Amino acid sequence: MPSFRYEIRCEGPGVVRIAGIDEVGRGPLAGPVVAAVAIIDRTMAKRKLLRLIDDSKKLLLEEREEAYEAMLASGAVRYAVGEASVEEIDAINILQATFLAMRRALQALSEQPDIVLIDGDRVPPGLGCRAETIVGGDARSYSIAAASILAKVTRDRYMHGLAASFPGYGWETNRGYKTPEHLAALNRLGPTPHHRRSFAPVMRLL
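Right, let's walk through the structure included here. On a predicted model such as this, the values are computed, not experimentally measured, just so you know. (Residues numbered from 1 in each chain as written. Predicted model: local features only at pLDDT ≥ 70, side-chain atom pairs only at ≥ 80, totals over all residues. Heavy atoms only, no water.)

What follows covers the overall build of the chain. If you tally the helices and strands in the chain, you get nine helices and five strands. Secondary structure elements of the chain occur, N-terminal to C-terminal, as α-β-β-α-α-β-α-α-β-β-α-α-α-α. Expressed as lengths along the three principal axes of its C-alpha atoms, the size of the chain is roughly 55 × 35 × 25 Å. Burial statistics for the chain: of 206 residues in total, 50% are counted as buried. (Helix = DSSP H or I, 4+ residues; strand = E, 2+ residues; numbered from the N terminus. Buried < 20%, exposed > 50% of the residue type's maximum accessible area, 1.4 Å probe, protein only.)

What follows is the structure in structure tokens.
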């Protein structure tokens, strides 16, 4: 389970606002990559809320939705979301697009953090604040876990909405990932404007 041990370790003179950041959507064949940044006020975060927060990959859909709504209703979590479009992914590659989404999420915060904890082992260039990486951070840090849920629910809802306009690809369930259903539909129906043309399964059809 996550904890605040990494956040507490970062505290010190001049370090008050400690954020976590995570992304979702690096692997799918369709849709944007989405990043979220979250700052949890530990003085306001109730134990009932913290019990809901974990690595988004470990949570069921219903659990992620519950945690998402609880964070928004709590008043204890400040957050922002950023994304990079399919066109940007194809133009600059998925890694750079991920970094771009992270920078946009940070820029969208009303108050910039003093330090940001990042899931993974790479710091995006140009963040504008101190940063520390934590491999597997979405399972270790409450701030990163919260960001992972916020990013995941945001992107899942977006892809579910797109599914109504582009039926047949199964985006309401596969969210654009490379499932057998999605690959079969891609071969049958062809790519949409929301498919990543730089990704091999799509590129082969162009």
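This part covers helix α6 (residues 142-165). Given a rise of 1.5 Å per residue, 24 residues ought to cover 34 Å, and the 36 Å separating the end C-alpha atoms of α6 matches this to within 8%. Of all the 24 residues making up α6, 17 are buried; the element is thus mostly covered by neighbouring parts of the structure. For α6, the N-terminal capping position is held by Ser141, with its side-chain oxygen 3.3 Å away from the main-chain nitrogen of Ser143. (Expected span 1.5 Å × (residues − 1). Polar contact = N/O pair within 3.5 Å; in protein donor to acceptor, adjacent residues only side chain to side chain.)

Attention shifts here to the nonpolar core. Core analysis: the largest hydrophobic core is formed by 31 residues, its most contacted members being Ile21, Val33, Val37 and Trp171. Counting residues per element, the ones that place at least two in this core are β1 (18-24), β2 (33-40), β3 (77-84), α5 (94-108), β4 (115-119), α6 and α8 (180-189). By size, the runner-up hydrophobic cluster in this structure holds 24 residues, among which are Val24, Ala45, Ala76 and Tyr142. (Core = buried A, V, L, I, M, F, W, Y, C linked by side-chain atoms within 4.5 Å.)

Below, the discussion takes up the sheet that holds β1. The five strands are arranged β3-β2-β1-β4-β5 in an open sheet whose pairing can be described as mixed. The open sheet has two edge strands, β3 and β5 (130-134), and neither has a second partner. In this sheet, adjacent strand axes meet at a mean angle of 25° when their direction is disregarded. Sheet topology note: the β1/β4 ladder contains four bridges and is parallel. Of the residues in β4, the one forming a bridge with Ile18 is Ile115. The sheet contacts of α6 involve β1, β2, β3, β4 and β5, and relative to β2 the element is tilted by about 140°. (Pairing = 2+ DSSP bridges. Axes fitted to C-alpha atoms, helices over the stretch in contact; angles between N-to-C directions. Contact = heavy atoms within 4.5 Å.)

Here the focus is the pattern of salt bridges. In the structure shown here, the tally under the stated rule is twelve salt bridges. One salt bridge connects Asp156 with Arg64, and the closest N-O pair in it is separated by 3.5 Å. Remark: Arg64 occurs in helix α3 (residues 61-74) and Asp156 occurs in helix α6; sequence separation between them is 92 residues. On the basis of relative accessible area, Asp156 is assigned to the buried category, the value being 4%. Note on Arg64: relative accessible area 11%, which makes it buried. (Salt bridge = Lys/Arg side-chain N within 4 Å of Asp/Glu carboxyl O.)

We now examine unusual backbone geometry. One non-glycine residue, Asn93, lies in positive phi territory at about 85°. When you line up the elements, Asn93 lands in the loop between α4 (86-92) and α5. A positive phi angle is found at Arg175, which is not glycine, with a value near 55°. On the secondary structure map, Arg175 appears in the loop between α7 (171-174) and α8.

In this section: the side chain of Thr192. The topology assignment puts Thr192 in the loop between α8 and α9 (200-203). Taking relative accessible area as the criterion, Thr192 reaches 5% and is therefore assigned buried. In contact with Thr192, not counting residues within four places along its chain, are Phe166, Tyr169 and Trp171.

The values are spatial; any link to function lies outside them.
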